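# Commentary on secondary and tertiary structure
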2 protein chains.
Amino acid sequence: MFPFEHIISIDKEKKLPVYRQIAISIINAIRNGNLKAGMPLPGTRELAKTLGVHRKTVIAAYEELNSQDWILIVPRKQVRVSEHIPTLKPQKWHAQNSSVSYENSFDLPLHISKKDSSQRELTVLPEVFIDDGHPDIRLSPVDELLKIYRSYTSRSFTIKKSVVGTTQGTLKLREELSRYLSVTRGLNISADNLLVTHGAQMSIYLAAQLLLQPGDIIISGKPGYPIANSAFEKTKASVIEVPVDENGLDIHVLEKICKKKKITAVYLIPHHHYPTTVTLSVERRMKLLELSNQYSFAIIEDDYDYDYHYSSSPYLPLASGTHKGNIIYIGSFSKILGSSLRIGFMVAPKNFIQEALILRKAIDVGGDGYMQNALAELIRSGDLGRYLKKAKKCYHQRRDYLNILLQQHLRSYISFTLPDGGLAVWIQLKSPYSVNTLKTHSQLQIKRIDEEENAFRLGFASMNEKELEDAVLLIKKILTNIYSK
Amino acid sequence: MFPFEHIISIDKEKKLPVYRQIAISIINAIRNGNLKAGMPLPGTRELAKTLGVHRKTVIAAYEELNSQDWILIVPRKQVRVSEHIPTLKPQKWHAQNSSVSYENSFDLPLHISKKDSSQRELTVLPEVFIDDGHPDIRLSPVDELLKIYRSYTSRSFTIKKSVVGTTQGTLKLREELSRYLSVTRGLNISADNLLVTHGAQMSIYLAAQLLLQPGDIIISGKPGYPIANSAFEKTKASVIEVPVDENGLDIHVLEKICKKKKITAVYLIPHHHYPTTVTLSVERRMKLLELSNQYSFAIIEDDYDYDYHYSSSPYLPLASGTHKGNIIYIGSFSKILGSSLRIGFMVAPKNFIQEALILRKAIDVGGDGYMQNALAELIRSGDLGRYLKKAKKCYHQRRDYLNILLQQHLRSYISFTLPDGGLAVWIQLKSPYSVNTLKTHSQLQIKRIDEEENAFRLGFASMNEKELEDAVLLIKKILTNIYSK
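Residues numbered from 1 in each chain as written. Chains lettered and ligands numbered in written order. Predicted model: local features only at pLDDT ≥ 70, side-chain atom pairs only at ≥ 80, totals over all residues. Heavy atoms only, no water.

Chain A is annotated in an unreviewed UniProt entry as GntR family transcriptional regulator of Chryseobacterium culicis. Chain A has a UniProt comment under Sequence similarities (unreviewed entry) that states "In the C-terminal section; belongs to the class-I pyridoxal-phosphate-dependent aminotransferase family." (UniProt positions renumbered as here; feature names shortened; annotations may be inferred.)

Now the structure itself:
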């Protein structure tokens, strides 16, 4: 007799009903060829006895298998494996257990770029976590947003509208957004110039895919934003890094490159460059625009941090000036609402947006229409603006408090320039102190550490005074302990 | 005197403060070369008079310009354009208005595939909108989900956790999900085998990018799911379409192709194939697995509609059987929670997930950690299961009611096979009736119409009995009116 007790594994602790466990085991045995087409199966009474289960359980399993055409039940006669199962070579017994399948490695070729950084994701939070410039979600109007969201999903007449326009972004949000960007950034655009995305990174990725092809050259700052660079590398374009000094991207180096090579695009973070927080000077902005016209390259202007300025107003985006339409302007609400609420945008000429839209659909169909309309409402009502004003004041204070803490406790270990705006400070360690000591400490996790620059980013906005103190004192403790030995 | 009144445009109706309008106008004039480096500007009193504004407004504008280094204010002497502005050729007057920039077309080369369908997005909803198989969000537990969501965002100690693990998906969700998929689909996997995405489409896109390169061949069903095909086309792989009959993808045609050509992957919708709603037979499932081993191709198993079966249990996924690990299993919660809540997943061997993770980060960093944890909680508490049971009962009734309506009103116009599960019926029009007549009617919008097959998809789940009646009667009215003429 066929050893059904070996083929069928039952685990009564599992959530999966026993009858389905039996059915799955039999399917697997058929699939791997141990049970062949036409082969008779034991009667329900017999199998129940063999397995030590109730007969009804076996009946349920057989019915399931029958309804799925795996077996054939001839009433009052016999149960057998369906005739239409192709005969396969039996596999080794240990291969029967279906749990092994995904313990295998995927063994067909994968097309991945070699440069991928394999930075591990955080899975456990240490005592002190220093992000690279997040807002404080405790201050963010998430609650207001969700309140509006719920009012939409509970009204049945708006229900169907959730399917409308979710690839480009709802018209309501795009219209509010075009007004908002006009008021805050001097951008004169219409809803047609906007694509709503899941965040700045998706806008960067889309722009990269549309602009670049293998062998093209894109310019990026050094030190720079690695995740943007990884999006460029996916296109197999070459990323040429241009130094970023205290006035931003070094435009003279860029000009020299332009004279020698065809540049397709320049990726630019005009405010609070990531990671060093410098802002591109007016002179360089103008020169960059001039070069863009002269050498016909596109500019990807990633203005992720525009909203936070503490002393003067921010510079207007390059995109707000007079240009030929070859500037892709990118922004996001993650720095206002928190990074969990994934809404960003791309501003570009209409023909560019249309192509980005087609690509975006292939990547992920679209966003959450309710959330987009809730955000639109938050902008329209002025709540977002009021919140931003409050948050700016708070982050201003936190920046200044951090300044005091750094002067007081870490002056001999570090050097830094307090930025005019943004949510983080770029801190360089003085010799002989090394950021590596901060990297390996169990109580501390710093999101952005740069070994080459011996520096790290201290996101201050998400921490209140107590948390800032804790962070600074922990850093001091680590540095003192190690170097006093 | 320089014609400042022509350069500076003020619109008091605008939300933008007048002083910023003045500042922007002057910046634009400097940028386009009308105001040159070192050129003197009028005193505040004089300019205020010229423009008809209060002197304080001009002072504010000048201070703004000064703080941004556009101009130089020599106290009690003079205001002039900064010396460090490169001299540019003046542009024509009409080019000054910054509003024109994005009215230009983007005129650098774009890398787009020619096959892109330019299907327009809906912007206005007609009286009757027939989707291609959406759940009814009026029944969905969105409210419960948002309640949990809000409880997370209001608890300050969980705040920082929103940054943890958002690229792969939070550990909490991946652990719940691996249990859930084991119980519902017989998949024996761990959290490491899971990547949480924005939806099935993103999983398809990621798999395509990792598996395919230019010139590779991927097999897809015909008629098929155009958005998946567009993701494949983005890789410049060739999509070879294999006919789908009443038993699903024609495996014999596939085998013939395998004998002649190297196939890299097969894209499969095993349950309720889109659009025709057929389910792949057991025999073909086994044959497909055999071919996959023999010819070493990957299978992308898009089981978007697994959850809805009305008569028997669904077939277990191919992925749940014994295999070498070369099956990428894809699913989504959009068909349960509504398409606005964008959470989907990909199941694959760990090494594949790790590569997908790196690519996913470049595309869009990650998802909403709070929402993911709220969903995990909904699964853990059993609420999701209970909801699904209720929804299934309701959709079963709607399917049967639609069946009656179709038999009663449209029998002579259409033919269809009532599917065992899923959220839509595939309806073919009998000659001489043409789906084109349904395409152009102002009161009706059908999401998925297939001219070649003279058929369309009628998503019944999102409509209650009244709405189903309205839809069927409107279709009848349109067909009768046109063909009785």
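### Some details on the overall build of chain A
For chain A, the helix and strand inventory stands at 16 helices and 17 strands. For 485 residues, the compact-globule estimate of 2.2 N^0.38 gives 23 Å, and the C-alpha radius of gyration of chain A, at 30 Å, exceeds that figure by more than 25%. The principal-axis extents of the C-alpha atoms in chain A amount to approximately 90 × 65 × 50 Å. Split into buried and exposed, the 485 residues of chain A put 62% on the buried side. For chain A, the share of sequence-separated contacts (at least 6 apart) that also reach a separation of at least 24 residues comes to 71%. A total accessible area of about 19,600 Å² is found for chain A, and carbon and sulfur atoms account for 50% of it. On chain A, the mean spot of the 63 positive side-chain charges and the mean spot of the 50 negative ones are 5 Å from each other. (Helix = DSSP H or I, 4+ residues; strand = E, 2+ residues; numbered from the N terminus. Rg over C-alpha atoms; globule rule 2.2 N^0.38 Å. Buried < 20%, exposed > 50% of the residue type's maximum accessible area, 1.4 Å probe, protein only. Contact = heavy atoms within 4.5 Å. Areas by Shrake-Rupley, 256 points an atom, 1.4 Å probe, with all protein chains shown as cover. Lys, Arg positive; Asp, Glu negative; His and termini not counted. Charge placed at Lys NZ, Arg CZ, Asp CG, Glu CD.)

### Some points on helix 13 (residues 369-380) of chain B
All names here are of chain B. End to end, helix 13 covers 16 Å across twelve residues, agreeing with the expected 16 Å (1.5 Å per residue, within 8%). With eleven of twelve residues buried, helix 13 is to be regarded as a mostly interior element. Buried residues of helix 13: G369, Y370, M371, Q372, N373, A374, L375, A376, E377, L378 and I379, and no others. Next to the buried residues of helix 13 lie helix 5 (142-153), helix 6 (171-185), strand 5 (194-197), helix 11 (334-337) and helix 14 (383-409). If you check the start of helix 13, you find a side-chain oxygen 3.0 Å away from the backbone N of Y370, and it comes from D368. Immediately downstream of helix 13, the backbone of G382 shows phi near 90 degrees, a positive value. (Expected span 1.5 Å × (residues − 1). Polar contact = N/O pair within 3.5 Å; in protein donor to acceptor, adjacent residues only side chain to side chain.)

### Side note on the relation of the copies chain A and chain B
For the pair chain A and chain B, the relating rotation is 180 degrees, the translation along its axis is 0.0 Å, and the fit reaches an RMSD of 0.1 Å. The relationship between the two copies is best expressed as a two-fold rotation axis. No C-alpha of chain A approaches the rotation axis more nearly than that of L146 of chain A, which lies at 3.6 Å. Of the residues that chain A buries at the interface, 100% are likewise interface residues in chain B, meaning the two copies contact each other through the same surface. (Least-squares fit on C-alpha atoms with pLDDT ≥ 70 in both.)

### Comments concerning the domain arrangement of chain A
Where interface size is quoted, it is often the accessible area lost as the parts come together. Per the domain assignment, the segments making up chain A are domain 1 (4-103), domain 2 (128-134 + 388-484) and domain 3 (142-385). Centre-to-centre separation of domain 1 of chain A and domain 2 of chain A, based on C-alpha positions: 61 Å. (Domains from an automatic or database assignment.)

### So, the interface of chain A and chain B
Contacts between the two partners involve 139 residues from chain A and, on the opposite side, 139 residues from chain B. Seen at the junction of chain A and chain B, the total is two salt bridges. For D364 of chain A, the salt bridge identified is with R342 of chain B, shortest N-O distance 3.6 Å. There are 25 residue pairs in polar contact (both at pLDDT 80 or more) connecting chain A and chain B. Per-class residue counts for the side of chain A that touches chain B are 64 nonpolar, 48 polar and 27 charged. (Salt bridge = Lys/Arg side-chain N within 4 Å of Asp/Glu carboxyl O. Nonpolar A, V, L, I, M, F, W, Y, C, P; charged D, E, K, R; others polar.)

### Examining the confidence of the model for chain A
Mean pLDDT over chain A: 86, with 91% of residues reaching 70 or higher. Considering only residues more than four positions removed or in separate chains, one finds that residues 88-99 of chain A, a stretch of pLDDT under 50, has 30 contacts. (pLDDT = per-residue confidence, 0-100.)

### What about a positive patch on the surface?
On the surface, K256, K259, K260 and K261 of chain A cluster together into a positively charged patch. Mapped onto the elements, K260 of chain A comes out in helix 9 (residues 251-260). (Patch = residues over 30% accessible without salt bridge, like charges linked within 9 Å, V, L, I, M, F, W, Y side chains within 5 Å.)

### Description of the packing of aromatic side chains
When we look at a pair of aromatic rings, we describe it by the centre distance and by the angle of the planes. Applying the stated criterion to the full structure yields 17 aromatic pairs over all chains. When the ring of Y225 of chain B is compared with that of Y274 of chain B, the centres are 4.8 Å apart and the planes differ by 65 degrees; the resulting orientation is edge-to-face. Taken together, the residues span a long stretch of sequence, with Y225 of chain B in the loop between strand 6 (217-222) and helix 8 (226-233) and Y274 of chain B in the loop between strand 9 (265-268) and helix 10 (282-295) at a distance of 49 residues. The exposure classification of Y225 of chain B matches that of Y274 of chain B, with both residues buried. Joined through ring pairs, the aromatic side chains of Y180, F333 and F345 of chain A make up one cluster. (Phe/Tyr/Trp six-rings, centres within 6.5 Å; stacked < 30°, edge-to-face > 60°.)

### Digging into the pairing of strand 3 (residues 78-81) of chain B
Regular strands have side chains that alternate between both faces of the sheet. Residue and element names in this part refer to chain B. Bridge count for strand 1 (residues 40-41) against strand 3 is two bridges, and the pairing is antiparallel. Residue pairing for strand 3: P40 is matched across the bridge by R80. Two elements, strand 2 (residues 71-74) and strand 3, share four bridges in a ladder whose sense is antiparallel. Across the sheet, V74 pairs through a bridge with Q78, a residue of strand 3. The antiparallel pairing of strand 2 with strand 3 creates a hairpin that spans three residues between the two strands, and R76 there sits at a positive phi of about 60 degrees. (Pairing = 2+ DSSP bridges.)

### Considerations on the side chain of D302 of chain A
With respect to the helices and strands, D302 of chain A occurs in strand 10 (residues 298-302). The residues contacting D302 of chain A, other than those within four sequence positions of it, are A200, I204, Y267, L268, I269, P270 and I330 of chain A.

### Some remarks on helix 8 (residues 226-233) of chain A
Helix 8 of chain A sits mainly inside the fold: seven of its eight residues count as buried. Every buried residue belonging to helix 8 of chain A is among I227, A228, N229, S230, A231, F232 and E233 of chain A, and all of these are buried. Contacts from the buried residues of helix 8 of chain A go to helix 7 (200-211), strand 6 (217-222), strand 7 (238-245), strand 9 (265-268) and strand 10 of chain A together with helix 12 (350-364) of chain B.

### Here's the deal with the environment of G38 of chain B
All names here are of chain B. Tracing the sequence through the fold places G38 in the loop between helix 2 (18-31) and strand 1. Linking G38 and S82, residues 44 residues apart in sequence, is a C-alpha distance of 5.5 Å. Beyond its immediate sequence surroundings of up to four residues, G38 is in contact with R80, V81, S82 and E83.

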